[in-house]
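# A structural walkthrough
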Amino acid sequence: MTEVSHKDYIIAVQAPAYRLRDGSFATESAFVIHLKELRASLGARFRRVILIAPELTQAEYLERKPQLDVLSPERDEVVYVPSHSTSTSARSFWFGELPKFWRRLAEVLPDSAVVHSGMADDIKRPSMAVVNIAAWLRRKPVIFIVDIDFREDTRRYYKLGLWSRKRYWAHRLVYDPIKWIQVWCAPRIFQLVLLKSASMVRDFGKGRSHVKNFYDTVHSDSDLLPKAEQPAHFEWLSRPGEPLRVVYFGRFVEYKGLSRAIEAVRLARSEGEDIRLTLIGDGDCRNALEHQVKEAGLVDHVTFCAPVRYGPALFELLASAHLTIATPVVEDTPRAAFDSMARGLPILAFDINYFRDLAQDSGAVALASWPDPKALAARLGALSRDRGMLVAMARSGLDFAAANTQATWLVRRAAWTDRIVNF
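Residues numbered from 1 in each chain as written. Predicted model: local features only at pLDDT ≥ 70, side-chain atom pairs only at ≥ 80, totals over all residues. Heavy atoms only, no water.

### Focus: the environment of Ala40
Relative to the elements of secondary structure, Ala40 occurs in helix α1 (residues 29-42). Accessibility expressed as a relative area gives 58% for Ala40, which makes it exposed. (Helix = DSSP H or I, 4+ residues; strand = E, 2+ residues; numbered from the N terminus. Buried < 20%, exposed > 50% of the residue type's maximum accessible area, 1.4 Å probe, protein only.)

Structure follows, in structure tokens:
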């Protein structure tokens, strides 16, 4: 293939960014790392990466600034094109922002060689679908990615009492079919379809070779627990008599189910298990979670830590933990799973599809029945008593993380991309 440098690689996402005055832009720090790695993996075949994403308001930017990093078009060869503001209403999107967004797409699509996009799950402001339609009309190759298997979400939200009957039926009859149709169409009209779910590949791919399962990891070789530190870490995991130190890092939002993790700690401690939980992050649920901890008498056993950027600051906090916990009440694909394995930490999680697949593939995940805190508490107790199991899971997780670095998957994706791009 002839190498060129005049074509762009467009990536459209729903994770927001923020334009700065000097032409650079800010977005979530781990995503900045991913964009840099993506740009490097594309080499001279592409002139630059163009990011299409919603734009944060100034207030949101200032609130999230500690978790953001900056990219520069000149230095990093990544350019930001906003789709719409995160504060845009549905009416404003359709009757105000959409025409302007369409014109922006018309400016960048002619010089693109491929469009990396995905499913629109913001149905009221479906910027991803707009990108897909614009790319299809211009006959641009599309890489269509779905991060989360959404098919059980509506049932789960309703079963948990988090959604009203009206909202349940709105999603069953309108929103879910719109999502399903997008994923059904993708293998039939797009050139590469990547689904982060083995069951979705089976159900929607139907054996098509261009529909593939993938892990969208962000860790690198340098993020793996150094080999020189592993013996001491395994000794720490196996040491009897230590309280079992459990950690969560990520957003404090309702669907992460953190109230169930706290309840599991309460239940395990009531059975005589010495369990300690550290919650690293922030979000809408923080006040409610702090109140729950106080009401449960767990103030001395559940610790809240402010969010830190991905990298050494986070790794230092993880060094004093035995395992991480993941309790999403709907399907989720948290980056924290691979980050944990990269640092030699096993995972305890509800048995949603993603973690069932990860448990089978990695050997580093213990599963508890969704969405039962009692099941979590029982597994916490079992792992606390069997420190050898923690070590075995940690070893397996490190091996799996080493074989699934971001660079590994970007090289694989670049090879798949080369097959569909006509320079």
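Having seen the structure, we can now continue with the description.
### Points about α1
Under the 1.5 Å per step criterion, the end-to-end length of α1 is 20 Å for 14 residues, consistent within 8% with the ideal 20 Å. Restricting attention to buried positions, one finds in α1 the residues Ser29, Ala30, Phe31, Val32, His34, Leu35, Leu38, Arg39 and Leu42. Looking at the buried positions of α1, the neighbouring elements they touch are β1 (8-12), β3 (25-28), β4 (48-55), β5 (68-71), α3 (73-76) and α17 (406-420). Sitting at the head of α1, Glu28 places a side-chain oxygen 3.2 Å from the backbone nitrogen of Ala30. Immediately downstream of α1, the backbone of Gly43 shows phi near 60 degrees, a positive value. (Expected span 1.5 Å × (residues − 1). Contact = heavy atoms within 4.5 Å. Polar contact = N/O pair within 3.5 Å; in protein donor to acceptor, adjacent residues only side chain to side chain.)

### Some details on the environment of Arg138
Along the chain, Arg138 falls in the loop between α5 (127-137) and β8 (142-146). Sequence separation between Arg138 and Ala392 is 254 residues, and the spatial gap between their C-alpha atoms is 51 Å.

### Thoughts on the side chain of His322
In this structure, His322 sits in the loop between α12 (312-318) and β14 (323-326). On the basis of relative accessible area, His322 is assigned to the buried category, the value being 0%. Each residue touching His322, except ones within four places of it in the same chain, is listed here: Trp236, Leu237, Glu242, Pro243, Leu244, Arg245, Leu345, Pro346, Arg387 and Leu390.

### Examining the packing of aromatic side chains
Evaluated as defined, the whole model comprises 18 aromatic pairs. Consider the rings of Phe144 and Phe190, whose centres lie 5.7 Å apart with planes at 25 degrees: the pair is stacked. Pair noted here: Phe144 is in strand β8 and Phe190 is in the loop between α7 (165-189) and β9 (192-195), with a separation of 46 residues, a long-range link. Judged by relative accessible area, which is 1%, Phe144 ranks as buried. Residue class for Phe190 comes out buried when judged on its relative accessible area of 8%. Seen from their ring centres, Trp180 and Phe204 are 5.8 Å apart, and the 55 degrees between their planes marks the pair as tilted. Highlighted residues: Trp180 in helix α7 and Phe204 in helix α8 (residues 198-205), separated in sequence by 24 residues. For Phe204, a relative accessible area of 3% corresponds to the buried category. Members of the aromatic cluster, connected to one another through ring pairs, are Tyr215, Phe338, Phe400, Trp409 and Trp416. When the ring centre of Phe315 is taken as origin, the NZ or CZ atom of Arg343, which lies over that ring, is 4.1 Å away. Here the guanidinium or amino end of Arg412 rests over the ring plane of Trp409, the centre of that ring lying 4.3 Å away. (Phe/Tyr/Trp six-rings, centres within 6.5 Å; stacked < 30°, edge-to-face > 60°. Lys NZ or Arg CZ within 6 Å of the ring centre and 35° of its normal.)

### Quick notes on the pairing of strand β11 (residues 244-251)
For β11 and strand β12 (residues 275-282), the ladder comprises 8 bridges, and the chain directions are parallel. In the sheet register, Arg251 faces β12, and the bridge partner there is Asp282. Each parallel crossover has a hand, and the one from β11 via helix α10 (residues 258-270) to β12 is right-handed. Where β11 lies against β14, 2 bridges are found, and the strand directions are parallel. In the strand pairing of β14, Val247 is matched with Thr324. (Pairing = 2+ DSSP bridges. Right-handed = clockwise from strand over helix to strand, strands pointing away.)

### A few points about the nonpolar core
Grouped together as the largest cluster of nonpolar side chains are 88 residues, with contacts concentrated most on Tyr9, Leu51, Leu279, Phe355 and Leu358. Among the elements that make up this core, the one with the highest residue count is α10 (7 residues). Excluding its chain neighbours within four sequence positions, the residues that come into contact with Phe355 are Ala326, Pro328, Pro334, Ala337, Ile347, Ala349, Phe350, Val365 and Leu367. By size, the runner-up hydrophobic cluster in this structure holds 33 residues, among which are Leu98, Leu105, Ala135 and Phe150. (Core = buried A, V, L, I, M, F, W, Y, C linked by side-chain atoms within 4.5 Å.)

### Describing a nonpolar patch on the surface
Where nonpolar side chains cluster on the molecular surface, the patch consists of Trp102, Ile133, Trp136, Leu137 and Ile189 and spans about 520 Å² of accessible area. The biggest single contributor to the nonpolar patch is α5, with 3 residues. Note that Leu137 resides in helix α5. (Patch = residues over 30% accessible without salt bridge, like charges linked within 9 Å, V, L, I, M, F, W, Y side chains within 5 Å. Areas by Shrake-Rupley, 256 points an atom, 1.4 Å probe, with all protein chains shown as cover. Salt bridge = Lys/Arg side-chain N within 4 Å of Asp/Glu carboxyl O.)

### Comments concerning the sheet that holds β11
The strand order across the open sheet formed by 6 strands is β13-β12-β11-β14-β15-β16, and the pairing between neighbours is parallel. The two strands at the open ends of the sheet, each matched to only one other strand, are β13 (302-305) and β16 (365-368). Sheet twist, expressed as the mean angle between neighbouring strand axes with direction ignored, is 25 degrees. For β14 and strand β15 (residues 347-350), the ladder comprises 3 bridges, and the chain directions are parallel. Residue Thr324 lies in a different strand from β15, and its bridge partner there is Ile347. Against the sheet, helix α11 (residues 286-295) makes contact with β12 and β13, and its axis sits at roughly 155 degrees relative to β13, the strand it touches most. (Axes fitted to C-alpha atoms, helices over the stretch in contact; angles between N-to-C directions.)

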